[in-house]
Amino acid sequence: MPGLLRGIARTAAVAGTATAVSNRVSRRQGSRWAQQGPSEPEEPAQEPAPAPPPAAAAPDPLAQLKELGALRDQGVLTESEFETQKARILA
């Protein structure tokens, strides 16, 4: 138990130090930017419209059945779950 508490205390100290350093850097950068004065606003770059996603390829039922069989053999799926999914794929 003392090892666990020591680890928790060390993690808290590291996290607190990182937060303090991050806050100090943010404040320093903010004050530097404030001293530079206002800059000219830049024109926002126009981004191209996103391309439509490609049509999903039809899943291979044989590959899906093989995956289901492997999951059943590993004990991840029960026999009834396997049968339900098999019927859904074959429908």
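Residues numbered from 1 in each chain as written. Predicted model: local features only at pLDDT ≥ 70, side-chain atom pairs only at ≥ 80, totals over all residues. Heavy atoms only, no water.

Peer 1: Let's hear about the overall build of the chain: which residues, and what values?
Peer 2: Each helix and strand counted, the chain has 3 helices and 0 strands in total. Across the chain, helices and strands are ordered from the amino to the carboxyl terminus as α-α-α. Out of the 91 residues in the chain, the part that is buried amounts to 5%. By element, 59% of the accessible surface of the chain is carried by carbon and sulfur atoms, the whole surface being about 8,300 Å². (Helix = DSSP H or I, 4+ residues; strand = E, 2+ residues; numbered from the N terminus. Buried < 20%, exposed > 50% of the residue type's maximum accessible area, 1.4 Å probe, protein only. Areas by Shrake-Rupley, 256 points an atom, 1.4 Å probe, with all protein chains shown as cover.)

Peer 1: Describe the pattern of salt bridges, listing the residues and the values that go with them.
Peer 2: Counted under the stated rule, the structure contains 3 salt bridges. As a salt-bridge pair, Arg72 and Asp73 come within 3.6 Å of each other at their nearest N and O atoms. Residue classification places Arg72 among the partly exposed positions, given a relative accessible area of 27%. Residues Glu79 and Arg72 are paired through a salt bridge, measuring 3.9 Å at the closest nitrogen-oxygen approach. Among the residues examined, Glu79 registers a relative accessible area of 45% and is labelled partly exposed. (Salt bridge = Lys/Arg side-chain N within 4 Å of Asp/Glu carboxyl O.)

Peer 1: So what's going on with the packing of aromatic side chains? Residues and values would help.
Peer 2: Here the structure, examined in full by the defined rule, presents 0 aromatic pairs. Directly above the ring of Phe82 sits Arg72, whose terminal nitrogen or CZ lies 4.1 Å from the centroid. (Phe/Tyr/Trp six-rings, centres within 6.5 Å; stacked < 30°, edge-to-face > 60°. Lys NZ or Arg CZ within 6 Å of the ring centre and 35° of its normal.)

Peer 1: Give me the environment of Glu83: which residues, what numbers.
Peer 2: Position of Glu83 among the secondary structure elements: in helix α3 (residues 79-90). You can call Glu83 partly exposed: its relative accessible area is 35%. Sequence separation of Glu83 and Leu68 is 15 residues, and the distance between their C-alpha atoms is 9.4 Å.

Peer 1: Now, about the packing of helix α2 (residues 61-74) against α3: what can you tell me, with residues and values included?
Peer 2: Packing of α2 against α3 brings their axes to within 10 Å, and their N-to-C directions diverge by 175°. What the angle tells us is that α2 and α3 run roughly antiparallel. Only Glu79, Phe82, Gln85, Lys86, Ile89 and Leu90 of α3 make contact with α2, whose side of the interface consists of Pro61, Gln64, Leu65, Leu68, Gly69 and Arg72. Considering only residue class, the contact of α2 with α3 consists of 6 nonpolar, 3 polar and 3 charged. (Axes fitted to C-alpha atoms, helices over the stretch in contact; angles between N-to-C directions. Parallel < 35°, antiparallel > 145°, perpendicular 65-115°, else oblique. Contact = heavy atoms within 4.5 Å. Nonpolar A, V, L, I, M, F, W, Y, C, P; charged D, E, K, R; others polar.)

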